[in-house]
Amino acid sequence: MGSLESEKVYFQNGTRVAKQDLEERTDVAKALGQNAAGITRRLILFDGQCRLCLGFVAIVTGRDSSDLFRFAPLQSKLGQDVLESHGVP
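All values derive from a computational prediction rather than experimental measurement.

**Examining the overall build of the protein**
On a plain count of helices and strands, the protein comes out with four helices and four strands. Its helices and strands taken in sequence order, the protein reads α-β-β-α-β-α-β-α from the N to the C terminus. The proportion of buried residues among the 89 residues of the protein is 16%. Surface summary for the protein: the accessible area is close to 6,900 Å², and the carbon and sulfur share equals 57%.

Right, dumping it as structure tokens:
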């Protein structure tokens, strides 16, 4: 068995890419910051008009004891900017 790092598969905009070819998303990563353990927080986009999605956000927020996730509605400026940066209309 190889190391876990060698078994990872990376995708960008729906296309498989090598790790060294990944574009850095430092602007969003910097804005999200890090949790107390030094792990970069993750941004989850959700439909801000969907009650099921809002329920999901409430559940994850309540259980995110490691302060790992941040949320943005797809309809927000940030949500639209992230989608645009990934080439999603």
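**Comments concerning the side chain of Asp64**
Mapped onto the fold, Asp64 is located in the loop between α3 (51-63) and β4 (69-73). There is a polar contact of 3.0 Å between the side chain of Asp64 and the backbone nitrogen of Leu68.

**Here we look at the pairing of β4**
With five bridges connecting them, strand β3 (residues 42-46) and β4 associate as parallel partners. Of the residues in β4, the one forming a bridge with Leu43 is Arg70.

**Re the environment of Phe46**
Topologically, Phe46 is positioned in strand β3. Separated by ten residues in sequence, Phe46 and Phe56 place their C-alpha atoms 9.1 Å apart. Not counting the four nearest positions on each side in its chain, Phe46 is found in contact with Cys53, Leu54, Val57, Phe71, Ala72, Pro73, Leu74 and Gln75.

**Describing the state of the cysteines**
One pass over the full model with this rule turns up zero disulfides. The thiol of Cys50 is unpaired, and the distance to the nearest cysteine sulfur, on Cys53, comes to 3.0 Å. On the basis of relative accessibility, which here comes to 21%, the residue Cys53 falls in the partly exposed class.

Criteria and cut-off values
- Residues numbered from 1 in each chain as written.
- Predicted model: local features only at pLDDT ≥ 70, side-chain atom pairs only at ≥ 80, totals over all residues.
- Heavy atoms only, no water.
- Helix = DSSP H or I, 4+ residues; strand = E, 2+ residues; numbered from the N terminus.
- Buried < 20%, exposed > 50% of the residue type's maximum accessible area, 1.4 Å probe, protein only.
- Areas by Shrake-Rupley, 256 points an atom, 1.4 Å probe, with all protein chains shown as cover.
- Polar contact = N/O pair within 3.5 Å; in protein donor to acceptor, adjacent residues only side chain to side chain.
- Pairing = 2+ DSSP bridges.
- Contact = heavy atoms within 4.5 Å.
- Disulfide = S-S within 2.5 Å.

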